[in-house]
Structures are given as structure tokens and as C-alpha cells.
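Here is what each chain is made of, one letter per residue.
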Amino acid sequence: RYDPLFPRRMRAELAARPADLVHAFLLPPSLWALLAIRGLPVQLRPALIAAERNERVASSRVEAALQRFIYRRADLVTVNAAPVAAEIERRCQVPPERIRYVPNGIDLDAWDRAMAEPCPLDLDPECFHIGMIGRISPEKNHELLLEALARIDASLLRSWRVWVIGAGATDSRAGRHLQELA
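Residues numbered from 1 in each chain as written. Predicted model: local features only at pLDDT ≥ 70, side-chain atom pairs only at ≥ 80, totals over all residues. Heavy atoms only, no water.

What follows deals with the overall build of the chain. In terms of helices and strands, the chain carries 8 helices and 6 strands. If you list the helices and strands of the chain from N to C, you get α-β-α-β-α-β-α-β-α-β-α-α-β-α. Rg of the C-alpha trace for the chain: 21 Å, well past the compact-globule value of 16 Å for 182 residues, more than 25% over. Taking all 182 residues of the chain together, the buried fraction comes to 31%. Taking as baseline every contact in the chain between residues at least 6 positions apart, the subset at least 24 positions apart corresponds to 61%. With 25 positive and 23 negative side-chain charges, the chain shows a spacing of 12 Å between the two charge centroids. (Helix = DSSP H or I, 4+ residues; strand = E, 2+ residues; numbered from the N terminus. Rg over C-alpha atoms; globule rule 2.2 N^0.38 Å. Buried < 20%, exposed > 50% of the residue type's maximum accessible area, 1.4 Å probe, protein only. Contact = heavy atoms within 4.5 Å. Lys, Arg positive; Asp, Glu negative; His and termini not counted. Charge placed at Lys NZ, Arg CZ, Asp CG, Glu CD.)

Shown next as C-alpha cells:
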């Protein structure tokens, strides 16, 4: 949330219990952390790592300005995809040596166990199946998949099936909007 008093409370907490590092995830927490840290005496300032997970860097001019302001001043920016790193470098002018790509982790043993189970979906073997797994929310960018599919020849798509699996796929306004777009 955009809570203008939060940096003051955070600064008081960091002054009372000094930290070496603050890792803030996404834009609002990164802004609050930066403001809190910059309000501390230099000798008490922890390093700031800002984390970005969205390739759609800067969806508005205000957001672009905030991202440049924050990410240029952070000690490090972590990202979970190489394209996000490239966008942070390009749009926010953050030097590449201050950007770290940290891929999402996958429990490969759990993946192998799941692969041994029968598929719960009725997949037609004559079709090409695409699955997009993740909650329905703007940062997952389900609309981009639909935009890409719209560029493929319709005769090919007749044998394709797209599965959208995740929280809100059928029972949310965003899920219904995605169904309308499809």
C-alpha cells in the first residue's frame, strides 16, 4: 500500500535494531525502504536490495520515474528473468553490475513425483496444448499470451488448446475479462 507514514516507522525500527541489509520486493516497498534508509545517519544505513519481477517495467510515467529514482539508488536490484534485467538496465539506466538475475527455484524431485501421476486434465492427443499456470493478475500478463496467439494463423489454432490454471481463472473479474478476450 502507499502509506506515507510507513518510512518513518521503518526508520525508527532500523534505528532501534540496526540491519546490514534491507531487501524490498517490488515498487512500493522499495520506495518506502529507500526513504526510510536515506533518513538514517550514514553510519546506520543498511544496504538496499530492490527486487523487480515484472518485465513490463514502468506501466506509467509516474511509475517509470519512481523506478528510475529507486533502482538507481539501490545498492543492488534483483530480478527473476534476464529480460527484466535488460529492461531495468535500459529504461532505468541501472548499471548491469548492480543488477543480479536470480532465477526462480524449482523442486525437481517434486516435479518428477508429479510427472509420475496421471494427468488430471483430459488432454486430446491430437491437439497441441499450452498451459499457463499462475494466479490471474496483471503482472502475470495473461493478455500477452492471447495477443501472441492472435498472430498465429487461425487454421493452426483449431488443433490447439490453451489451459489457464490458477487462482482467479474462473471466479474473478480478471479471469472473466481474460475469458472475454479469448
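Read on, since the account is not over.
Our next topic: the nonpolar core. Membership of the largest hydrophobic core comes to 25 residues, with the highest contact counts inside it found for Val22, Leu48, Ile70, Tyr71, Val79 and Ile88. Residue assignment for this core shows that the elements contributing at least two residues are helix 1 (6-16), strand 1 (21-25), helix 2 (27-38), strand 2 (47-52), helix 3 (61-73), strand 3 (76-79) and helix 4 (82-92). Here this core gets 7 residues from one element, more than from any other, and that element is helix 2. (Core = buried A, V, L, I, M, F, W, Y, C linked by side-chain atoms within 4.5 Å.)

On to the side chain of Glu52. Relative to the helices and strands, Glu52 is located in strand 2. Here Glu52 sits buried without a salt bridge, and the closest side chain of opposite charge, Arg53, lies 7.3 Å off (N-O distance). There is a polar contact of 3.4 Å between the side chain of Glu52 and the side chain of Gln67. One polar contact links Glu52 to Tyr71, side chain to side chain, over a distance of 2.6 Å. With near-sequence residues (within four places) excluded, Glu52 lies in contact with Leu26, Gln67, Tyr71, Thr78, Val79, Asn80, Val84 and Ile88. (Salt bridge = Lys/Arg side-chain N within 4 Å of Asp/Glu carboxyl O. Polar contact = N/O pair within 3.5 Å; in protein donor to acceptor, adjacent residues only side chain to side chain.)

Attention shifts here to the packing of helix 2 against helix 3. Running from N to C, helix 2 and helix 3 point in directions that differ by 50°, and their axes come no closer than 10 Å. One finds that helix 2 runs oblique with respect to helix 3. Crossing of helix 2 over helix 3 shows left-handed handedness. Contacts between helix 2 and helix 3 involve Leu27, Ser30, Leu31, Leu34 and Arg38 on the former and, on the latter, Glu63, Leu66, Gln67, Phe69, Ile70, Tyr71 and Arg73. Residue composition of the contact of helix 2 with helix 3, grouped by class: 7 nonpolar, 2 polar and 3 charged. (Axes fitted to C-alpha atoms, helices over the stretch in contact; angles between N-to-C directions. Parallel < 35°, antiparallel > 145°, perpendicular 65-115°, else oblique. Left-handed = near helix turned anticlockwise from the far one by under 90°. Nonpolar A, V, L, I, M, F, W, Y, C, P; charged D, E, K, R; others polar.)

On their own, these measurements won't tell you what the molecule is for.
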